[in-house]
Amino acid sequence: SNPNEENLSGYATNLIHAEKYKDAINVLKRLEDKVGDDPQLTHQIYQLYMEIGDEKSAIKVLQEAAVAHPDDIMFQGLLANGYEKTGDVNKTIETYEGMLKLDPQNARIHVALYELYKYKGNASKANEHLMHVFESGEMNIDDKMQVLFDLYEETELNVSGRKEVYPLLDNLVEMHPDDPK
């Protein structure tokens, strides 16, 4: 990397350590102008805005990066995470759903959507995403079993909820017939 970029990065780091967050944001934006969009830089600027309590500017940074890079799952993920931190469940869901268009088999996105739909009380959408997690080749049997155990514990006092877990267990056994677990 070029010495000027290193100087700006070092200067920003010093400003952050001195808790001069607004100045650090300006320096990081200058650095971004020189190096181009970078998910780590975008996230750092977002975090600094959050640190100074400027949630609106923080989200705006993520939105601009996501709009500039609609096919980059990293920038979309930062935006979904930003919406989630600010409590905007609907925009979080909307962003994750958009990310699925980029990566339909991504188990992490399906797990996040499962949690969000469950939180909103939409059991059918939640279960739809949960099934995708189990059909995903991305998660190993241990991860799938952990999700099932969590689900089973959550439904402990709810008999009908427990009944929903059994087909998932059967599905897991069918998908991994040779695994002794």
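Residues numbered from 1 in each chain as written. Predicted model: local features only at pLDDT ≥ 70, side-chain atom pairs only at ≥ 80, totals over all residues. Heavy atoms only, no water.

Some thoughts on the overall build of the protein chain
So, point 1. Helix and strand counts for the protein chain stand at ten helices and zero strands.
So, point 2. Of the regular secondary structure in the protein chain, the N- to C-terminal order runs α-α-α-α-α-α-α-α-α-α.
So, point 3. Classification of the 181 residues of the protein chain by burial places 36% in the buried group.
So, point 4. Considering only contacts in the protein chain between residues 6 or more positions apart, those separated by 24 or more positions represent 41%.
So, point 5. For the protein chain, the accessible area works out to roughly 11,000 Å², and carbon and sulfur atoms hold 49% of it. (Helix = DSSP H or I, 4+ residues; strand = E, 2+ residues; numbered from the N terminus. Buried < 20%, exposed > 50% of the residue type's maximum accessible area, 1.4 Å probe, protein only. Contact = heavy atoms within 4.5 Å. Areas by Shrake-Rupley, 256 points an atom, 1.4 Å probe, with all protein chains shown as cover.)

A word on helix H8 (residues 123–135)
So, point 1. For H8, which comprises 13 residues, the first-to-last C-alpha distance of 18 Å matches the rise-based estimate of 18 Å (1.5 Å per residue) to within 8%.
So, point 2. For H8, the complete set of buried residues consists of Ala-126, His-129, Leu-130, Val-133 and Phe-134. The arc that holds the buried residues of H8, viewed along the axis, is 150 degrees, so those residues lie on one side. (Expected span 1.5 Å × (residues − 1). Arc of directions from axis to C-beta.)

What about the packing of helix H3 (residues 39–51) against helix H4 (residues 55–68)?
So, point 1. Contact geometry of H3 with H4 gives a least axis separation of 7 Å together with a crossing angle of 165 degrees. For the element pair H3 / H4, the angle class is roughly antiparallel. Crossing of H3 over H4 shows left-handed handedness. Across the interface between the two elements, Thr-42, Ile-45, Tyr-46, Tyr-49 and Met-50 of H3 pack against Glu-55, Ser-57, Ala-58, Val-61, Leu-62 and Ala-65 of H4.
So, point 2. Looking at the contact of H3 with H4, its residues break down into eight nonpolar, two polar and one charged. (Axes fitted to C-alpha atoms, helices over the stretch in contact; angles between N-to-C directions. Parallel < 35°, antiparallel > 145°, perpendicular 65-115°, else oblique. Left-handed = near helix turned anticlockwise from the far one by under 90°. Nonpolar A, V, L, I, M, F, W, Y, C, P; charged D, E, K, R; others polar.)

Observations regarding the confidence of the model for the protein chain
So, point 1. Summary statistics for the protein chain give a mean pLDDT of 85 and a share of 81% for residues scoring 70 or more.
So, point 2. Least confident of the elements in the protein chain is helix H10 (residues 159–175), whose mean pLDDT is 60; most confident is helix H6 (residues 89–102), at 96. (pLDDT = per-residue confidence, 0-100.)

With respect to the nonpolar core
So, point 1. One finds Leu-28, Ile-45, Leu-48 and Tyr-49 to be the most contacted residues of the largest nonpolar core, which totals 24 residues.
So, point 2. Apart from the residues lying within four places of it in its own chain, the contact partners of Ile-45 are Ile-25, Leu-28, Lys-29, Glu-32 and Val-61. (Core = buried A, V, L, I, M, F, W, Y, C linked by side-chain atoms within 4.5 Å.)

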